Amino acid sequence: SEKYVALDTTMADLRRDDGQWRPLPREQQAFLSRRLSECSPIFRKWPAFASDKETAEAFAMRFLAQREGYSWTLDFSGDLFCELAYEGFLSTSLELSMADSAPLQVMLPWNDPTRNTLDWSELHVSKNARKRAKRYTMTVDAAYDEVMLQCIRMHGEGWLYR
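Residues numbered from 1 in each chain as written. Predicted model: local features only at pLDDT ≥ 70, side-chain atom pairs only at ≥ 80, totals over all residues. Heavy atoms only, no water.

As a further point, take the nonpolar core. One broad rule of soluble globular proteins: the nonpolar side chains tend to lie buried together. Formed by Phe49, Ala56, Phe59, Ala60, Phe63, Phe76, Leu80, Leu84, Phe89 and Met107, the largest nonpolar core amounts to ten residues. At the level of elements, helix H4 (56-64) and helix H5 (78-86) are the ones that each hand at least two residues to this core. Counting residues per element, this core draws most heavily on H4, which supplies four residues. Counting residues in hydrophobic clusters, the runner-up holds nine residues, among them Leu36, Trp46, Leu74 and Val106. (Core = buried A, V, L, I, M, F, W, Y, C linked by side-chain atoms within 4.5 Å. Buried < 20%, exposed > 50% of the residue type's maximum accessible area, 1.4 Å probe, protein only. Helix = DSSP H or I, 4+ residues; strand = E, 2+ residues; numbered from the N terminus.)

Taken as a whole and judged by the stated rule, the model has seven aromatic pairs. Between the aromatic rings of Phe59 and Phe63, the centroid separation amounts to 6.0 Å while the plane-to-plane angle is 45°, which identifies the pairing as tilted. Of this pair, Phe59 and Phe63 both sit in helix H4, separated by four residues, roughly a single helical turn. Under the relative-accessibility criterion, Phe59 is labelled buried at 0%. (Phe/Tyr/Trp six-rings, centres within 6.5 Å; stacked < 30°, edge-to-face > 60°.)

Honestly, it's all geometry; don't read function into it.
What follows is the structure, given as structure tokens:
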């Protein structure tokens, strides 16, 4: 189907660089964060998140109090990704070409409470929807790698660098 852009991506491709991947040291994150803010208006405009300075919960409160739709961070730890998801953020990413080094990946946490949050106390599922949904099962954290693989197959890897 034309809607899929990376059908040949495999689970091995998804995990290919796991062994060599290392997060940026905090000092390098701080330096690059300053440089990005100096060089690009968007990084001055969007709120930056540094997990060594505030919790994901505190950042969510700060983020929701401002008008911007995106934020950014250079921290790609798995724990942070999960903490941001718990707070209602969807995280995409951006890869920036760097003249003198490897490309730089920037995580772009995004939160729209009207779209990213499900209030179970106000949820109404019609009788017809319940009837049609009987053949489906909802799970949490049961097939993360498979979900990521299918997202990459559909959208390409560019939305989810690490």
